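Architecture and fold: a report
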There are 2 protein chains.
Amino acid sequence: MRVVVPFSTDRPKTRLAEVLTPDERREFAEAMLADVLDALDAVDRDLDVTVLATDSVDVDAPVVVDDRPLTTAVNDCLDSVPTAVVMADLAIATPDALSDLLDSAADLAIAAGLGGGTNAFLARNSTFHVDYHGASYRDHLEIADEAELSVREVDSRLLAVDIDEPEDLAEVLLHGDGAALDWLVDAGFELDVGGGRVEVVRE
Amino acid sequence: MRVVVPFSTDRPKTRLAEVLTPDERREFAEAMLADVLDALDAVDRDLDVTVLATDSVDVDAPVVVDDRPLTTAVNDCLDSVPTAVVMADLAIATPDALSDLLDSAADLAIAAGLGGGTNAFLARNSTFHVDYHGASYRDHLEIADEAELSVREVDSRLLAVDIDEPEDLAEVLLHGDGAALDWLVDAGFELDVGGGRVEVVRE
């Protein structure tokens, strides 16, 4: 099965600008990508994983460079199915959580991100197409509904957490165990377990 | 099976103070509690659901009033097992997500909240006890590990989303379908699908 991991090399993770410099954001984004690729590698299935990057990137997987907008580039990939698309910032995704999605026999298996995005999906019917603008999860359910596709909504916290905002870093510190966690710890980030929801501080 | 839903009547949801008045926070907290009880009611199992409240509350379930700290009150409930504890602010929890937890045969089935809390668990061994201070999910895994309990970590976005902060309201607007959603819409909240992660605005 083909799995595509889109990755933006052009100013990645701008919403982390409050806590990371541009160079740090790029390093951290690459660490998260490495974690996603590792998790896919540990899935007990024959996967053909490609990184769909906006420019060249040094990573342990075949890279296809496509600098068109995400929606256009992904829709081109969906001409052949089955194809799964897994975002590169799912820093706490596990092989089990990914397997649950990849094992689905539905026309569309789809995992929501926090805030209404689409973090991962597996399309088995080539009439499905994406539109990543705005709250894409609802739009994607609607697209599938209009095409009368069978849909499995995959309910996973580990796939729902994408790392966009500074407060998301807490999830990596709490639940991560790979390159992204190591990178954050090396950069001086730690949990502040004061009261209520934990927070992230940098030394 | 016994299910306990802790509910604080004393200044509930203080972290929503930026967007809701004290009266509104209480109304909204009660709407979320009603949704959690509805979801439990729709689980295909014989459940004995009790609200464990810090003071009397008008709700469609038996209420036990216990004004001691949460950890103490819940630990008293765990003297008899099986007992499940489900937080009252899981406004998008579904019967399916709850069933997945309640169907577990492990000594402890546990679902993390965003930010490291424990949103729901089912204890089948009375040696398990809670400590809700700080990042309780990790602490609870450690308590179970020390007691050599079998553990099932339930990976669910629908159980991970607890509504504490203003940005959490987006999840209710995106995925809710009960009293909490109705309350927010009546109060003028709506999604702002500008760019990136969606935001919540109040008219």
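Residues numbered from 1 in each chain as written. Chains lettered and ligands numbered in written order. Predicted model: local features only at pLDDT ≥ 70, side-chain atom pairs only at ≥ 80, totals over all residues. Heavy atoms only, no water.

For the record, the criterion: UniProt positions are given in the numbering used here, feature names are shortened, and annotations may be inferred rather than shown by experiment.
Chain A goes by 2-phospho-L-lactate guanylyltransferase in an unreviewed UniProt entry, where it is assigned to Halolamina pelagica. UniProt's Sequence similarities (unreviewed entry) comment on chain A is quoted here verbatim: "Belongs to the CofC family." Comment text from UniProt for chain A, heading Catalytic activity (unreviewed entry), reads "(2S)-2-phospholactate + GTP + H(+) = (2S)-lactyl-2-diphospho-5'-guanosine + diphosphate".

Here's the deal with the overall build of chain A
Where we set the bar: Helix and strand definitions here come from DSSP, where helices need a minimum of 4 consecutive H or I residues and strands a minimum of 2 consecutive E residues; each element is numbered from the N-terminal end. We take the radius of gyration over the C-alpha atoms and set the globule estimate at 2.2 Å times the residue count to the 0.38 power. To sort residues, take the accessible area from a 1.4 Å probe on protein chains only and compare it with the maximum for the residue type: under 20% means buried, over 50% means exposed, and anything in between is partly exposed. The contact criterion used throughout is that any non-hydrogen atoms of two residues lie within 4.5 Å. Where accessible areas are quoted, they stem from the Shrake-Rupley method and a 1.4 Å probe; at the residue level, only the protein chains shown are allowed to cover.
Looking only at helices and strands, one finds 7 helices and 9 strands in chain A. The C-alpha atoms of chain A give 16 Å as radius of gyration, which agrees with the globular expectation for 203 residues (17 Å, within 12%). Seen through its C-alpha atoms, chain A measures out along the principal axes to roughly 50 × 40 × 35 Å. By residue count, 57% of the 203 residues in chain A fall in the buried class. Long-range pairs, those at least 24 residues apart, make up 62% of the contacts in chain A between residues at least 6 apart in sequence. Surface exposure of chain A reaches about 8,700 Å², of which carbon and sulfur atoms provide 42%.

Remarks on unusual backbone geometry
Cis geometry marks the peptide bond from V81 of chain A to P82 of chain A, where omega comes out at 0 degrees. Note that P82 of chain A resides in the loop between helix 2 (70-77) and strand 4 (83-86). For K13 of chain B, which is not glycine, the phi torsion reads 55 degrees and is therefore positive. Within the secondary structure, K13 of chain B is located in the loop between strand 1 (2-7) and helix 1 (22-41). Phi at E148 of chain B is positive, roughly 55 degrees, even though this residue is not glycine. Examined against the element boundaries, E148 of chain B turns out to sit in the loop between helix 4 (136-146) and strand 7 (151-153).

Focus on the interface of chain A and chain B
What counts here: Note on definitions: buried area is the accessible-area loss of two parts on being combined, 1.4 Å probe, summed for both. Salt bridge criterion: a side-chain nitrogen from Lys or Arg within 4 Å of a carboxyl oxygen from Asp or Glu. The term polar contact refers here to a pair of N or O atoms within 3.5 Å; inside protein, the definition further demands a hydrogen-donor-capable atom paired with an acceptor-capable atom, and it admits residues adjacent in sequence only when both atoms are side-chain atoms. Basically, the charged four are Asp, Glu, Lys and Arg, the nonpolar ten are Ala, Val, Leu, Ile, Met, Phe, Trp, Tyr, Cys and Pro, and anything else, Gly included, counts as polar.
Taken together, the contact between chain A and chain B spans 32 residues of the former and 32 residues of the latter. Overall, the association of chain A and chain B removes approximately 2,600 Å² of surface from exposure, summing both partners, and the carbon and sulfur fraction of that is 51%. Our enumeration of links across chain A and chain B arrives at 0 salt bridges. Across the chain A-chain B interface, the total number found is 8 residue pairs in polar contact (both at pLDDT 80 or more). Breaking the side of chain A that touches chain B down by element, the ones donating at least two residues are helix 4 (136-146), helix 5 (157-160) and helix 6 (169-175) of chain A. Residues belonging to the side of chain A that touches chain B are distributed by class as follows: 13 nonpolar, 8 polar and 11 charged.

What about the side chain of S104 of chain A?
Residues and elements named next belong to chain A. Within the element layout of this structure, S104 appears in the loop between helix 3 (95-102) and strand 5 (108-112). Side-chain polar atoms of S104 contact the backbone nitrogen of A106, separated by 3.1 Å. S104 has contacts with A109, L122, R124 and R152, leaving out every residue within four places of it along the chain.

With respect to the packing of helix 1 (residues 22-41) of chain A against helix 7 (residues 179-186) of chain A
A pair of packed helices is captured by two measures, namely the crossing angle of their axes and the spacing between those axes. All names here are of chain A. What counts, and what does not: Only C-alpha atoms enter the line fits that serve as axes; for helices the fit covers just the stretch in contact. Angles between N-to-C directions range over 0 to 180 degrees. Each angle gets one of four labels, with under 35 degrees taken as roughly parallel, over 145 as roughly antiparallel, 65 to 115 as roughly perpendicular, and the rest as oblique.
Where helix 1 meets helix 7, the closest approach of the two axes is 7 Å, and the angle between their N-to-C directions is 150 degrees. On the basis of the axis angle, helix 1 is roughly antiparallel to helix 7. Where helix 1 abuts helix 7, its residues E24, E27, F28, A31, M32 and D35 lie against A179, A180, L181, W183 and L184. Here the contact of helix 1 with helix 7 is composed, by residue class, of 8 nonpolar, no polar and 3 charged.

Let's talk about helix 4 of chain B
Cut-off, in case you're wondering: Directions pointing from the helix axis toward each C-beta atom define the arc.
What helix 4 of chain B keeps buried is the set S136, Y137, H140, I143 and A144 of chain B. Buried residues of helix 4 of chain B, viewed axially, fall in a sector of 120 degrees; they line one side. Turned more than 90 degrees off the buried face of helix 4 of chain B, the exposed positions are D145 and E146 of chain B. For helix 4 of chain B, the elements touching its buried residues are helix 5 and helix 6 of chain A together with strand 5 (108-112), strand 6 (118-123) and strand 7 of chain B. Note on helix 4 of chain B: the residue one or two positions beyond its end, E148 of chain B, has a positive phi of about 55 degrees.

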